[in-house]
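Observations on the three-dimensional arrangement
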Amino acid sequence: MDNMLGSNIWKYYLSTALMQFTFFVPVIQLFYLDNGLTIFNIALLGVIWSLTRLVVEVPSSILADKWGRKKVLIIASAFGILQLAVLILASEYWHFVLASAFSAVAFAFMSGTNTAFFYDTLKELKREREFEKLRSRQLIYEQIPLVIAFLASGFLFQYSQLLPFQLSLAFLVASLAVTMSFREPRYHKPIKQSIFGHFHSSMKHVVGNNQLKAVLIFSVLFSVGSDISYNYGQVYLNYLAMPVVLFGIAYTLKSLLVTASGNLLPALRKHISYRDIFAFQILAAAALLYVMVFTGNYIIGAVCFVLFAIPHGLFVISRSGYVHQRTKSSNRATVESIFSSMAAVTFLFVELMTGYLGDLYTIKTPFLVIAIVLSVYFVYYLAAERRKI
């Protein structure tokens, strides 16, 4: 039985690796711009994405807790496939809106559920102490497909705008096939509470715990800084007139650095507390945004875009590890999604601000606003929040 359940580990690695053949990611905003969309149009797609994610995020994770992780992960992959299919066939703006909504549903069903599935597998195998190490190893296995996809993306896009999307679709279908072979951990038992009762108990667990509440605020604000640099990175680099073929290289280096920093976390945790690692993430995000705002050189801008991977890579592993260690299995997916949904609510307003200021001034203006917000929060974190973690 352990061998059958243990196969979840390598299957999970394989499934997530196949998902990383995202040839379209480094060029999707160029695809939007070439199809006549403005920065505000792109921002509206982000708003649709955030609204849809907000509506679906917590219910999807409650389903994962009540119904099972595997079924929810299958649904996530199915909506990812629908997103790419719609983008390939898109000819009008509402097609892009529909694809954005499908993407958000896929993300929401995947968010929280994937790490809950992995953690529960390790929990049943009595290997939960290895979570951060094995989760970091997952990032390593994802690098080969990411490097291939990102390096090829610019060249594929120049050959055919649709080819990056078509190839990504084929690999996502393969990933779905692997996901369907997962074995549901027995450690996870479907909950008997009502949906609203379960949500209430999960929310109470977060807001009633000063540690988790402090990390929730930190997570939301760091995610805003990290997401704006990533989601609008192509618009920013295009504004600095960086050649298209270099976009894939920048995304490849960023991905490799995310993995390197994420895998560095277990060693750092032996000497540095979570509270200081979180402080570094906020400080680094603010500093990098300031440099991106005040430089006009695309090389410097691209270097800062890539270096954002260091705090982000640490964040991916440290935040998940911190929360999972303080959350029981029956609430794990829902608590994860509460964190994600709070970030989605905040980013909903950030998207609107970014689109408005980006079209009115330049993409650098919303970057500056977020940098100032992170600077203020960093001072507050040191003064009031750090000791709670």
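Nothing here was measured: the structure is a model prediction, and the numbers come from that model.

Thresholds applied
Residues numbered from 1 in each chain as written. Predicted model: local features only at pLDDT ≥ 70, side-chain atom pairs only at ≥ 80, totals over all residues. Heavy atoms only, no water. Helix = DSSP H or I, 4+ residues; strand = E, 2+ residues; numbered from the N terminus. Rg over C-alpha atoms; globule rule 2.2 N^0.38 Å. Buried < 20%, exposed > 50% of the residue type's maximum accessible area, 1.4 Å probe, protein only. Contact = heavy atoms within 4.5 Å. Areas by Shrake-Rupley, 256 points an atom, 1.4 Å probe, with all protein chains shown as cover. Lys, Arg positive; Asp, Glu negative; His and termini not counted. Charge placed at Lys NZ, Arg CZ, Asp CG, Glu CD. Salt bridge = Lys/Arg side-chain N within 4 Å of Asp/Glu carboxyl O. Core = buried A, V, L, I, M, F, W, Y, C linked by side-chain atoms within 4.5 Å. Axes fitted to C-alpha atoms, helices over the stretch in contact; angles between N-to-C directions. Parallel < 35°, antiparallel > 145°, perpendicular 65-115°, else oblique. Left-handed = near helix turned anticlockwise from the far one by under 90°. 1 Å grid on protein atoms, 1.4 Å probe; cavity = no way out; pocket = protein on both sides within 12 Å on 5 of 7 lines; lining within 4 Å. Points joined across faces, edges and corners; volume = space filled by probe spheres on them. Nonpolar A, V, L, I, M, F, W, Y, C, P; charged D, E, K, R; others polar. Expected span 1.5 Å × (residues − 1). Bend = angle between axes of the 7 residues up to and from the residue.

This part covers the overall build of the protein chain. The helix and strand inventory of the protein chain stands at 18 helices and 0 strands. Over its C-alpha atoms the protein chain spans a radius of gyration of 20 Å, differing by no more than 12% from the 21 Å that the globule rule assigns to 389 residues. Taken over the C-alpha atoms alone, the protein chain extends approximately 55 × 50 × 40 Å along its principal axes. Residue burial in the protein chain is summarised as follows: out of 389 residues, 57% are buried. Within the protein chain, residue pairs in contact and separated by at least 24 positions form 86% of the contacts whose partners lie at least 6 positions apart. A total accessible area of about 15,800 Å² is found for the protein chain, and carbon and sulfur atoms account for 68% of it. For the protein chain, the centre of its 31 positive side-chain charges and the centre of its 18 negative side-chain charges are spaced 10 Å apart.

What follows is about the pattern of salt bridges. A complete count under the given rule lists 3 salt bridges for this structure. Among the salt bridges present, the one from Asp-276 reaches Arg-386, with a minimum N-O distance of 2.8 Å. Placement of Asp-276 in helix H14 (residues 274-294) and of Arg-386 in the segment after helix H18 (364-385) is noted, with a sequence separation of 110 residues between them. Looking at Asp-276, the relative accessible area reads 32%, which means it is partly exposed. You can call Arg-386 partly exposed: its relative accessible area is 27%. Across the pair Glu-385 and Lys-388 runs a salt bridge whose closest N-O atoms are separated by 3.0 Å.

The subject of this paragraph is the nonpolar core. Judged by nonpolar contacts, the single largest core of 110 residues is most densely connected at Tyr-32 and Phe-367. Looking at this core element by element, the count peaks at 10 residues for H14. The contacts of Phe-367, once residues within four sequence positions are left out, are Ile-228, Ser-229, Tyr-232, Tyr-236, Leu-289, Met-292 and Val-293. Counting 6 residues, the second largest nonpolar core, distinct from the first, contains Leu-265, Ile-277, Val-316 and Ile-317.

Following the sequence through the fold, Lys-11 ends up in helix H1 (residues 2-19). Filtering out sequence-adjacent residues up to four positions away, Lys-11 remains in contact with Val-178, Ser-181 and Phe-182.

The next subject is the packing of helix H6 (residues 113-124) against helix H7 (residues 131-141). Each pair of packed helices can be described by the angle between their axes along with the distance between the axes. Contact geometry of H6 with H7 gives a least axis separation of 11 Å together with a crossing angle of 130°. Of the possible angle classes, the one that applies to H6 and H7 is oblique. The handedness of the crossing between H6 and H7 is right-handed. In contact with Thr-115, Phe-118, Tyr-119 and Leu-122 of H6, H7 contributes Phe-131, Leu-134 and Arg-135.

The next thing to look at is unusual backbone geometry. Trans is the common state for peptide bonds, and a negative phi is the common state for residues other than glycine. Positive phi outside glycine occurs at Lys-126, with the angle close to 60°. Judged by its relative accessible area of 72%, Lys-126 falls in the exposed class. The phi dihedral of Ala-241 is positive, around 65°, even though this residue is not glycine. Its place among the elements puts Ala-241 in the loop between helix H12 (233-239) and helix H13 (245-268). Its relative accessible area of 55% is what places Ala-241 among the exposed residues.

On to empty space enclosed by the protein, then. Applying the stated criterion to the full structure yields 2 cavities of 30 Å³ or more. In terms of lining, the second largest cavity is formed by Tyr-12, Ser-15, Thr-16, Met-19, Leu-73, Met-110, Asn-114, Thr-179 and Phe-182. Looking at the lining of the second largest cavity, the element that brings in the most residues is H1, giving 4 residues. Grouping the amino acids of the lining of the second largest cavity by side-chain chemistry returns 5 nonpolar, 4 polar and no charged.

Attention shifts here to the packing of helix H3 (residues 39-67) against helix H5 (residues 93-110). The contact between H3 and H5 brings their axes to 7 Å, and the two run at 30°. At the point where H3 passes H5, the crossing takes the right-handed sense. For the pair H3 and H5, the contacting residues are Asn-41, Leu-44, Leu-45, Ile-48, Trp-49, Thr-52, Arg-53, Val-56, Glu-57, Ser-60 and Leu-63 in the first and Tyr-93, Phe-96, Val-97, Ser-100, Ala-101, Ser-103, Ala-104, Val-105, Phe-107, Ala-108 and Phe-109 in the second. Looking at the contact of H3 with H5 residue by residue, the class counts come to 15 nonpolar, 5 polar and 2 charged.

In this model H3 runs 40 Å from its N-terminal to its C-terminal C-alpha over 29 residues, within 8% of the 42 Å that 1.5 Å per residue would give. Along H3, the sharpest kink reaches roughly 35°, centred on Val-56 and followed within four residues by the proline Pro-59. Backbone geometry just downstream of H3 places Gly-68 in the positive-phi region, at approximately 130°.

Mapping Ser-223 onto the fold places it in helix H11 (residues 210-231). When its relative accessible area of 13% is taken as the criterion, Ser-223 is described as buried. Excluding anything up to four places from it in sequence, Ser-223 contacts Phe-315 and Ala-343.

On to the layout of surface pockets, then. Estimated volume of the largest pocket: approximately 280 Å³. If you go around the largest pocket, you meet 13 residues; those closest to its centre are Arg-129, Glu-130, Phe-131, Glu-132 and Gln-325. No other element matches the 3 residues that H7 contributes to the lining of the largest pocket. Residues that form the lining of the largest pocket fall into these classes: 4 nonpolar, 2 polar and 7 charged.

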